[in-house]
Amino acid sequence: MAMTASSPAPAGASHSESERSPFARLNELLAPYQPGKPMITLAVGEPQHPVPDFVGPVLAQHIAEFGRYPAAKGIEPFRKAAAGWLARRFALPRAVDPEHEILVLNGSREGLFFAAHAALRHVGPRRGKPAILMPNPFYPVYGVGARTAGCDSVYLPTTRDNGFLPDLDAIDEATLARTVAFYIATPANPQGSVASADYMRKLVRLADRFGFLIFSDECYSEIYTKAAPGSMLEHAGPDYTNVVAFQSLSKRSNVPGMRIGFAAGDRKFLAAFHELRNVAAPQVPVPLQHVAVAAYADEDHVEENRRLYRAKFDLADQIIGNRYGYRRPDGGFCVWLDVTERGGDEEVTVRLYRDAGVRVVPGSYLARLQPDGFNPGVGYIRLALVADAASTGEALHRLVETLG
C-alpha cells in the first residue's frame, strides 16, 4: 500500500470527528449493548496499582500550601529533584540545570498541548505553512495542539513494517523545511516500541539541520520488562538544543489523579514556554510538587510497580501466545493486537464487550486517516494491562475464548 508519510491529513476530514476522544467514541460504539459477563476494563490507561505510602503524609505535611498561588516555574526543591532524577536515570551529556532547563507541568498532557503554541513562535518563519509531525497512531493531544497552534498536522504512519516508529527516511525535505516540531513517544503509545539510540541520534540530526523542536513524550519510560528505555536528552548536544523531554508521575508512581510532571531540555525554548504557561496554563499546587520531590527520591515503589506489570505480561505471554500478532512490548503497559482476521477492530471490540464483558479500544480510534485513506490503527485493538493480575488473567482468557 502506497503511503505519503509527509502529507497532511485529507482536507475533507472532519476535525470534530477525528479529534474527538477515542473513549467518547468507544462509549457510543458500545452504548447499544450490555456486557455479557461482569465487566473488566482494559480500555483506559489509568494505573490501578497502589498509590505510594508516602503520598498521604507528604500532602498532610504541606496541606497549608494549598493556600498559595503556585509559581508557574515550579518550586526549587521540585526542579532540583527532577533534575537529579534525570541525572541518575539517564546517561546525559551533562547535568540538567534546574534553574533554566526544568519546568513543572500540570501533567504531561497540558505541557504537550501548550508546547505546540510556544514552538510556533520560537522556531521562527518556515518554508511554507508551518507543520507539526507526529506518529500515527498517537496521543490525541498532539493533533489538537498542532491544529490550535495553526499548524498542519502531518501524520507519520507507524506499522509493523517500520517497527511501529515513524520512518524518518520517508519524510521529504520540503516537509522537514516547514516543520516546527516533531512529537515522538518512546515507549510508544499504543504499541510499546522504544526508539533505539541510533534512531534518536538520527532524529536529533534532522532537528539540528532543519531547525525544528523534538517533543519527546517519555511518560512510559519507567514501565518496562526488559531493558530500560533511553531518553532523547541523552542524544542531544551539550546545550540540549532543539530537544525537550516530557515526563509524568502518573505511570511511574501510580498517581494519575495528581497531574504532575515536567519538561526538560532546551533552555531557550523553555524560557519562551514558561512565558506562555505563566499566563495561560494551569499551575501545579505546591503540596503536589512536594509529593513529587519524595517520588523522585524513591525507586523502591517504581521497581515494585514494574514487578506487577512484569507478572501481567508473563500472563499475556502464556495466555495469548502467538495469536493476533502479539509481542511483548519493549515499554509501557499496553498490548497491541491484530484482529483483522477476526472481523476488524470495531467488530471485535463489540464482541468482546457483548459476549465476554471485556472492554478494549479499537485501534482505528487512536489513529487518523493518511492522505491515501489508510488508517494504520485499523484492524488492531489496544489493551491496557492496568488491572490487578487476577482480573487481567481472567480478561485475557475470555478474549482468547471469544476470538479463538
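Residues numbered from 1 in each chain as written. Predicted model: local features only at pLDDT ≥ 70, side-chain atom pairs only at ≥ 80, totals over all residues. Heavy atoms only, no water.

Draft legend 1. Broad picture of the packing of aromatic side chains. The tally for this structure, following the rule as stated, stands at 19 aromatic pairs. Their ring planes at 85° and their centres at 5.8 Å tell us that Trp-85 and Phe-90 sit as a pair that is edge-to-face. Residue classification places Trp-85 among the buried residues on the basis of a relative accessible area of 1%. You can call Phe-90 buried: its relative accessible area is 5%. Taken together, Phe-138, Tyr-139, Tyr-142, Tyr-155, Tyr-183, Phe-215, Phe-246, Phe-269 and Phe-273 form an aromatic cluster joined through their ring pairs. (Phe/Tyr/Trp six-rings, centres within 6.5 Å; stacked < 30°, edge-to-face > 60°. Buried < 20%, exposed > 50% of the residue type's maximum accessible area, 1.4 Å probe, protein only.)

Draft legend 2. Fine view of the environment of Leu-270. Following the sequence through the fold, Leu-270 ends up in helix α10 (residues 267–280). For Leu-270, a relative accessible area of 2% corresponds to the buried category. Beyond its immediate sequence surroundings of up to four residues, Leu-270 is in contact with His-100, Glu-101, Ile-102, Leu-103, Val-244, Ala-263, Ala-264 and Gly-265. (Helix = DSSP H or I, 4+ residues; strand = E, 2+ residues; numbered from the N terminus. Contact = heavy atoms within 4.5 Å.)

Draft legend 3. Focus on the confidence of the model for the protein chain. Per-residue confidence for the protein chain averages 94 on the pLDDT scale, and 95% of its residues sit at or above 70. Confidence drops under a pLDDT of 50 for residues 1–15, and excluding neighbours within four residues, the segment shows 35 contacts in the predicted structure. (pLDDT = per-residue confidence, 0-100.)

Draft legend 4. Local environment of the pairing of strand β8 (residues 261–265). Summarising burial for β8: five of the five residues are buried, a large majority. For strand β2 (residues 102–105) and β8, the ladder comprises four bridges, and the chain directions are antiparallel. For Leu-105, the partnering residue across the bridge sits in β8 and is Gly-261. Pairing of strand β7 (residues 243–248) with β8 involves five bridges; the strand directions are antiparallel. Across the sheet, residue Ser-248 finds its bridge partner in β8, namely Gly-261. (Pairing = 2+ DSSP bridges.)

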